[in-house]
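Chain residues, written in single-letter form:
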Amino acid sequence: MALRLEFWQKATLLLCLYGFFKEMKPSEPFLTPYLKAPPKNFTDKQLENEVYPVWTYSYLVALLLVFLFTDVLRYKPVIVVEGLAYLTTRVLLIWATSVRAMQFMETAYGVATGAEVAYYSYIYAVVEAEHYLRVTGFTRAAVLAGRMMSGVVGQLLISLSVTDYLTLNYISMTSVCIALVITFILPSASGNVFGIVKPGENQSEVQVYGATSDNEAVDNNHDVSPIATENASNCFLKCFSSWKLSLRLMWHDFKECYSKNELLKWSLWWAFGTCGEFMVENYVQNLWDDIYSARKHKIYNGVVTALSNVFGASVALLLGYLKVNWSVFGELVLGVVSVADAFFLYISAHTSSIWLAYSMYILFRMAYTFLVTIASFQIAKNVGMDRYALVFGCNMFVALLLQTILTVIVVDERGLALDIITQFVVYGSFFFILGAVFLGKAMYTMTRIGWRTCWNQRYVTDDRQELIEQSHGNDGDTESNTDHHGVSTDPGHESQNAVV
């Protein structure tokens, strides 16, 4: 008897397959050695100061466009664009040889990564809310499995001398081709995950969050004309009206969400922390190659990538079993672990041992995953799943804006164009300052409230956390945050989520 899947199961399965194949790129851990080896022969300066920075700029622009138009385009076309951009990236990596072509490659990669917002949001537009928790876990696990598999496969093929870097890129291109094919058979989405219908709104004017159909009119005052030109005009008006309404709802939700001090605090760390992590990820292969050149030695970037993902996932899973009251100790933990991240980067920058550099990177990834998972817990708890896509998009945009500024100043040839060692000293200092700010705020808050009182509130309980309400009140929250206090201090709202 054939297995019959429900609609949401089919959509989730296809999206998970897409997530796995788009991330199963065994050439990725060896990108820098590949570009520096024949026949590419790019120099460190060309890669660090001319090629890699382009990804940051294109990512920022692509994310803004995707964020504004994903709902109007109904997700699936954006995911198709993501698949096409990944394929373009692979084609250019294999056959292009000039710096200008590599800049176009980074532009395509920026479009692909910017379009990931549609990938992570699409599933909420095609499944019912009761399945959100499960499908979120499935899609995240599929992406993680693809990344781990790419590290393992790439490392095995290189270590056993089965193939070279170029062949790894052919394997990666095959994988993204499969992913692209899957995008065309994904079911169309009709929902809107960025906006919700506000109480008192005209239900005939808009039906969102899973209720708006592509064939339903947004403006009921326009009759459908039998003339083709008028049909096209009406279609344009409906799309424009829907887009304008989505922006209005997004702005309303934006103001309502970020007026909460608790959400703002966690979002700030999320944005700054993600910015720093992006910078490290973008240039860590250059650091490793400076310490231990791939032209002279056998490298192990693939296994390090796989291990960092495995340990990071383990940390995120273990956090689900900790009953720590992050509303009390969150700032302290953010500060301490961010400072630890800084020292991991300082050590990486000054060591001559590739094994120590590898170890520091794995520790950095574990620490970052630990913190960003906590931050995601707290953000999801304060906004709920219906607004999480909006907050995620805004936080990511801020992170990319900060990364753009940091790239222009530190990396770009039009800025300081620092060498890779100095860059990692700067990134370490970035995390040190970030950690010091949160650590100072935590010390001030906990000293004022009382360390013994805070210690007694260290676990999440079934009682309301009056301590946090008192703390927020002393911080001068306005009356508009009353509802926020009621939500954020309720242990029953300890939610889940993971990060990019």
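Summary of the structure given here. (Residues numbered from 1 in each chain as written. Predicted model: local features only at pLDDT ≥ 70, side-chain atom pairs only at ≥ 80, totals over all residues. Heavy atoms only, no water.)

Our focus in this paragraph is the overall build of the protein. Helices and strands together make up the secondary structure of the protein, namely 18 helices and zero strands. Counting the 500 residues in the protein, one finds 54% classified as buried. In the protein, the proportion of contacts linking residues at least 24 apart, taken out of those at least 6 apart, comes to 82%. Here the protein has roughly 21,800 Å² of accessible surface; of this, 65% comes from carbon and sulfur atoms. (Helix = DSSP H or I, 4+ residues; strand = E, 2+ residues; numbered from the N terminus. Buried < 20%, exposed > 50% of the residue type's maximum accessible area, 1.4 Å probe, protein only. Contact = heavy atoms within 4.5 Å. Areas by Shrake-Rupley, 256 points an atom, 1.4 Å probe, with all protein chains shown as cover.)

Another aspect to go through is the nonpolar core. Counting 116 residues, the largest nonpolar core has Leu35, Trp269, Phe370, Phe424 and Tyr427 as the members making the most contacts within it. Ranked by residues supplied to this core, first place goes to helix H13 (residues 354-383) with 17 residues. Residues from two domains meet in this core; each of domain 1 (1-189) and domain 2 (256-460) gives at least three. Those residues within four positions of phenylalanine 424 in sequence are excluded, and the remaining contacts are Val280, Tyr283, Val284, Leu287, Leu345 and Ala349. Val328, Leu332, Ala442 and Met446 belong to the second largest nonpolar core, which has seven residues in total. (Core = buried A, V, L, I, M, F, W, Y, C linked by side-chain atoms within 4.5 Å. Domains from an automatic or database assignment.)

So, on to the pattern of salt bridges. A pair can form between side chains of opposite charge whenever their charged atoms are brought close. The full count for this structure, using the stated rule, is 13 salt bridges. Ionic pairing is found between lysine 22 and glutamate 82, a salt bridge with its closest N-O pair at 3.4 Å. With lysine 22 in helix H1 (residues 7-23) and glutamate 82 in helix H4 (residues 76-95), this residue pair connects regions lying 60 residues apart in the sequence. Exposure remark for glutamate 82: the relative accessible area of 0% places this residue in the buried category. (Salt bridge = Lys/Arg side-chain N within 4 Å of Asp/Glu carboxyl O.)

Before going further, it helps to spend a moment on the environment of serine 159. Residue position: serine 159 is located in helix H7 (residues 132-159). Once the C-alpha coordinates of serine 159 and lysine 298 are considered, the two residues, 139 residues apart in sequence, prove to be 7.2 Å apart.

In this structure, the amide linkage connecting proline 38 to the following residue, proline 39, adopts the cis form with an omega of 5 degrees. Checked against the element boundaries, proline 39 lands in the loop between helix H2 (31-36) and helix H3 (44-73). Notably, serine 161 is not glycine yet its phi reads approximately 55 degrees, a positive angle. With respect to the helices, strands and loops of the structure, serine 161 is situated in the loop between H7 and helix H8 (165-184).

Residue pairs spaced three or four apart in an α-helix point in one direction, given the helix's 3.6 residues per turn. Under the 1.5 Å per step criterion, the end-to-end length of helix H5 (residues 99-114) is 22 Å for 16 residues, consistent within 8% with the ideal 22 Å. Within H5, the full set of buried residues consists of Val99, Ala101, Met102, Gln103, Met105, Glu106, Ala108, Gly110, Ala112, Thr113 and Gly114. (Expected span 1.5 Å × (residues − 1).)

Let us look at the packing of H1 against helix H6 (residues 116-126). Axis separation between H1 and H6 bottoms out at 10 Å; the angle between their running directions is 170 degrees. Here H6 runs roughly antiparallel to H1, going by the angle between their axes. For H1 against H6, the interelement crossing comes out left-handed. Note on element contacts: H6 touches H1 through Glu116, Tyr119, Tyr122, Ile123 and Val126, opposite Phe7, Ala11, Thr12, Leu15, Tyr18, Gly19, Lys22 and Glu23. Among the residues forming the contact of H1 with H6, the class breakdown is eight nonpolar, two polar and three charged. (Axes fitted to C-alpha atoms, helices over the stretch in contact; angles between N-to-C directions. Parallel < 35°, antiparallel > 145°, perpendicular 65-115°, else oblique. Left-handed = near helix turned anticlockwise from the far one by under 90°. Nonpolar A, V, L, I, M, F, W, Y, C, P; charged D, E, K, R; others polar.)

Turning our attention to the environment of proline 26. Of note, proline 26 is situated in the loop between H1 and H2. Spatially, the C-alpha atom of proline 26 lies 9.3 Å from that of methionine 148, the residues being 122 residues apart in sequence. With sequence-adjacent residues up to four places away left out, proline 26 is seen in contact with Ser150, Val153, Gly154, Leu168, Ile171 and Ser172.

With that settled, the discussion passes to the packing of aromatic side chains. Going through the model one piece at a time under the given rule, you end up with 23 aromatic pairs. Ring centres of tryptophan 288 and tyrosine 358 lie 5.0 Å apart, and the angle between their planes is 80 degrees; on these two criteria the pair is classed as edge-to-face. Pair noted here: tryptophan 288 is in helix H10 (residues 261-291) and tyrosine 358 is in helix H13, with a separation of 70 residues, a long-range link. Residue class for tryptophan 288 comes out buried when judged on its relative accessible area of 4%. Lysine 22 extends its terminal NZ or CZ atom over the ring of tyrosine 119, reaching a point 5.0 Å from the ring centre. (Phe/Tyr/Trp six-rings, centres within 6.5 Å; stacked < 30°, edge-to-face > 60°. Lys NZ or Arg CZ within 6 Å of the ring centre and 35° of its normal.)

Turning to H6, a few remarks are in order. Burial runs high along H6: eleven of the eleven residues are buried. Regarding H6, the residues found buried are Glu116, Val117, Ala118, Tyr119, Tyr120, Ser121, Tyr122, Ile123, Tyr124, Ala125 and Val126.

On the surface, Leu401, Ile405, Val408, Ile409 and Leu416 cluster together into a nonpolar patch covering about 440 Å² of accessible area. Inspection of the secondary structure puts isoleucine 409 in helix H14 (residues 385-411). For isoleucine 409, a relative accessible area of 44% corresponds to the partly exposed category. (Patch = residues over 30% accessible without salt bridge, like charges linked within 9 Å, V, L, I, M, F, W, Y side chains within 5 Å.)

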